[in-house]
Each structure stands twice: as structure tokens, then as C-alpha cells.
Amino acid sequence: MKQTNTINIKNKKARFEYEILDKYTAGIKLAGTEIKSIREGKASIAESFCEFQEDELFVINMTIQEYSHATYFNHNPKSSRKLLLNRRELNKLHKEVRNSGLTIVPLRLFINDRGLAKMQIALAKGKKLYDKRETIKERDTKKRLGQIKKAFNN
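Definitions and limits used
Residues numbered from 1 in each chain as written. Predicted model: local features only at pLDDT ≥ 70, side-chain atom pairs only at ≥ 80, totals over all residues. Heavy atoms only, no water. Helix = DSSP H or I, 4+ residues; strand = E, 2+ residues; numbered from the N terminus. Buried < 20%, exposed > 50% of the residue type's maximum accessible area, 1.4 Å probe, protein only. Contact = heavy atoms within 4.5 Å. Areas by Shrake-Rupley, 256 points an atom, 1.4 Å probe, with all protein chains shown as cover. Lys, Arg positive; Asp, Glu negative; His and termini not counted. Charge placed at Lys NZ, Arg CZ, Asp CG, Glu CD. Salt bridge = Lys/Arg side-chain N within 4 Å of Asp/Glu carboxyl O. Pairing = 2+ DSSP bridges. Expected span 1.5 Å × (residues − 1). Core = buried A, V, L, I, M, F, W, Y, C linked by side-chain atoms within 4.5 Å. Patch = residues over 30% accessible without salt bridge, like charges linked within 9 Å, V, L, I, M, F, W, Y side chains within 5 Å.

Caption draft 1: Summary view of the overall build of the protein. Check the secondary structure of the protein and you find 4 helices and 9 strands. Seen in sequence order, the protein has helices and strands lined up from the N terminus as β-α-β-α-β-β-β-β-β-α-β-β-α. For the C-alpha atoms alone, the extent of the protein along its principal axes is close to 60 × 45 × 30 Å. Per-residue burial for the protein yields a buried fraction of 32% across its 154 residues. Partitioning the intrachain contacts of the protein with sequence separation of at least 6 by distance along the chain shows that 67% fall at a separation of at least 24. When the accessible surface of the protein is split by element, carbon and sulfur atoms take 49% of a total near 10,400 Å². Of the charged side chains in the protein, 33 are positive and 18 negative; the average position of the first set lies 6 Å away from that of the second.

So this is what it looks like as C-alpha cells:
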């Protein structure tokens, strides 16, 4: 039962705002109408973040729009959703967040080849303003080099 899935919702701000240290792939505990909305591509992780509540990891502020064909069983678009990781990974992340002050940010939301919704999360450190300026400068120089190469080849 292989499916060709094109659902790949990215958090473009995360790589600009944070320095990515380590990546994990986590499952998400969803209701029936939530997965249907994700399969339609009606989700956003732009303003979302991950937080520990007791010993479990939740993604907060992730928006999954209501499913259009649902009845009164529809879900709440902004509710927090549990992330599913191994206990060893959860303990490691919890220790890092508690001790070093790092944050956990969602990078992308996708559907794997088995049809399950997964989220790629990252252990990240916030960038300073001068780091962000450096990122913009690198992006501009890369763009200019590409334009020069293209003009030179023609």
C-alpha cells in the first residue's frame, strides 16, 4: 500500500531564527478529522513550538484547519498535540531543555510512505541579531554568485 504523498509543510522561519543542533522525527497523536485536514495540506507550523508537560512532549500553537466535510465531530484548530518519541529520546530532550536552555522547534510536517503524519523537530539554540544579519548576507552573496555564473555562461 505505497502512497505518493506530496504533503511537506515546512517552518521556514525556524532555520532563520534558530541554530539547529540535533534533529528528530516524531509521530503525532491526531484525531480523525485532523489527519484528513493534513492530507489536504491545510496545516501550518509557522508559529508553533514544542513544550514539555510533565514527562510528555507537546507541540503548541500548530494550526490544523477544520476538515471541510466533517460534522459536529470536528477538532479544535489550535489545540496542543502530543508528540510520540521513544522514552530515551524524550529524556535526552528534556534534560537538554532543562539544563542548557535550548528550545525544541518543529521544522516540517510530512506524511511518510505508510500514510502516517510525522513531524521533524529540532533541538535548537536561538540566534542573536548579528547571526541573523550574517545569514542574510550569506544568502545575498550566494544569490549574486548564481546570477554572475548564469550571465557568464550565456
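Caption draft 2: Highlighting the environment of I38. Checked against the element boundaries, I38 lands in helix α2 (residues 32-39). As for I38 and K95, which are separated by 57 residues in sequence, their C-alpha atoms are 31 Å apart. Beyond its immediate sequence surroundings of up to four residues, I38 is in contact with I7, L30, A43, I64, L109 and I111.

Caption draft 3: Highlighting the pattern of salt bridges. Counted by the stated rule, this structure contains 6 salt bridges. Its salt-bridge partner being K132, residue E17 comes within 2.9 Å of it at the nearest N-O pair. Taken as a pair, E17 in helix α1 (residues 12-17) and K132 in helix α4 (residues 129-153) lie far apart in primary sequence, 115 residues in all. On the basis of relative accessibility, which here comes to 28%, the residue E17 falls in the partly exposed class. In this structure, K82 engages E56 in a salt bridge whose closest nitrogen and oxygen atoms are separated by 3.2 Å. Taken together, the positions of K82 in strand β7 (residues 81-84) and E56 in strand β5 (residues 56-60) put the pair 26 residues apart, joining distant regions of the chain.

Caption draft 4: Representation of the pairing of strand β4 (residues 49-53) within the structure. A one-sided burial pattern is seen for β4, the buried positions being C50 and F52 and the unburied ones F49, E51 and Q53. In the sheet, β4 pairs with β5 via 5 bridges, with the strands oriented antiparallel. Residue C50 lies in a different strand from β5, and its bridge partner there is V59. Here β4 folds back onto β5 in antiparallel fashion, the turn holding 2 residues, of which E54 has a positive phi close to 60 degrees.

Caption draft 5: Expanded view of α4. Here α4 contains 25 residues, and its C-alpha end-to-end distance of 37 Å stays within 8% of the 36 Å for a straight helix at 1.5 Å per residue. Counting buried residues in α4 gives 1 out of 25 residues, a small share hidden from the surface.

Caption draft 6: Looking closely at the nonpolar core. Judged by nonpolar contacts, the single largest core of 25 residues is most densely connected at L57, L83, L93, M119 and I121. Those elements that provide at least two residues to this core are β2 (18-28), β4, β5, α3 (87-100), β8 (103-111) and β9 (117-126). Apart from residues lying up to four places away in sequence, L93 is in contact with Y24, F52, L57, L85, I104, I121 and L123.

Caption draft 7: A positive patch on the surface, seen in detail. Taken together, the side chains of K10, K12, R15 and K23 define a basic patch exposed on the protein surface. Tracing the sequence through the fold places K10 in strand β1 (residues 8-10). Its relative accessible area of 53% is what places K10 among the exposed residues.

These results come straight from atomic positions and should not be treated as a statement about function.
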